[in-house]
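# Understanding the architecture of this molecule
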Amino acid sequence: MKLKSLMKSRCVWALTLAFMIISAASADTPAFTSGGAAPPPPPSFTGTRGWSFFNGPNNPIAITQLGVFDIGGDGLVNSHQIGVWTTDGVLLATATLPAGTSGSLVDNYRYVSISPVTLPGGFMANGGYIIAAQYSAGDVDDPLTPTASGNGLAPGLALWSGGFPSHGWYGFGEGLPFPGQRTQPPMEGSGGAPFWEPNFQFIAVPEPSASLLLAPGLLYLFLRRRKYP
């Protein structure tokens, strides 16, 4: 009886731990926290603007939401397309954030959900990724320059420069042109700073070992069900 009770206790503990790990891994996390917005106003042009990043080794993530800065949190006047590309121009994900307040507001950014897009962990041979959002010249949704908090990107993410002193990218044109040009002073700050207008939320993709933790608990429940229908 003691052995049976011990096995039951350990199986339940393993099952609980596994669910805790998987639940923590599945929580949507913003790529960075907002630092607000400040003058001077950002450059005014029609096209895409954003920033480049990569996710570290053994750190696969799934992008679940795309968003843009909503100054004042009172809704957007215009709709905005958002995209995620590889730095060599392959479009991986896209969404349109509608005008108004229909998107979810989190930390000064308004988001829309997408079908999750997984980015493998590790530094890509051809570079990193770019997220950028479409704005029009004189766009009233972008009167001030958004900033990121001093903590930088979320754990497991890092800005990608490709050996150049720039993390910001942009592209000219209507629609959602690939932001294949790098920012240089005086574009959005100095030193080739990012355009912080777009943001994304992601979940960490659980390691296989986390899923394996479910096995003892599930086995116990299966055997118990068979023995005591």
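Rules behind the numbers
Residues numbered from 1 in each chain as written. Predicted model: local features only at pLDDT ≥ 70, side-chain atom pairs only at ≥ 80, totals over all residues. Heavy atoms only, no water. Helix = DSSP H or I, 4+ residues; strand = E, 2+ residues; numbered from the N terminus. Buried < 20%, exposed > 50% of the residue type's maximum accessible area, 1.4 Å probe, protein only. Contact = heavy atoms within 4.5 Å. Areas by Shrake-Rupley, 256 points an atom, 1.4 Å probe, with all protein chains shown as cover. Core = buried A, V, L, I, M, F, W, Y, C linked by side-chain atoms within 4.5 Å. Pairing = 2+ DSSP bridges.

The helix and strand tally for the chain stands at three helices and 14 strands. A buried classification covers 43% of the 229 residues belonging to the chain. Taking the contacts inside the chain whose residues are at least 6 apart along the sequence as the reference set, 79% of them involve residues at least 24 apart. Total accessible area on the chain is roughly 11,400 Å²; 64% of this is exposed by carbon and sulfur atoms.

This next bit is on the nonpolar core. In terms of nonpolar packing, the biggest core is built from 30 residues, with Trp51, Phe53, Ile63, Leu66, Ile131, Leu157 and Phe200 touching the most fellow members. Secondary-structure elements contributing two or more residues to this core are β3 (47-55), β4 (61-69), β5 (80-86), β6 (91-97), β8 (109-119), β9 (129-135) and β14 (198-204). Contacts of Leu157, omitting those with residues within four sequence positions, involve Ala31, Phe53, Phe54, Asn55, Asn59, Ile61, Phe200 and Phe202.

Across the sheet, which stays open at both edges, the five strands sit in the order β1-β14-β4-β8-β7 with antiparallel pairing between neighbours. Each edge of the sheet is formed by a strand with only one pairing partner; in this case those strands are β1 (29-30) and β7 (104-106). Taken together, the eight bridges between β4 and β8 define a ladder with antiparallel strand orientation. In the sheet register, Val68 faces β8, and the bridge partner there is Arg110.

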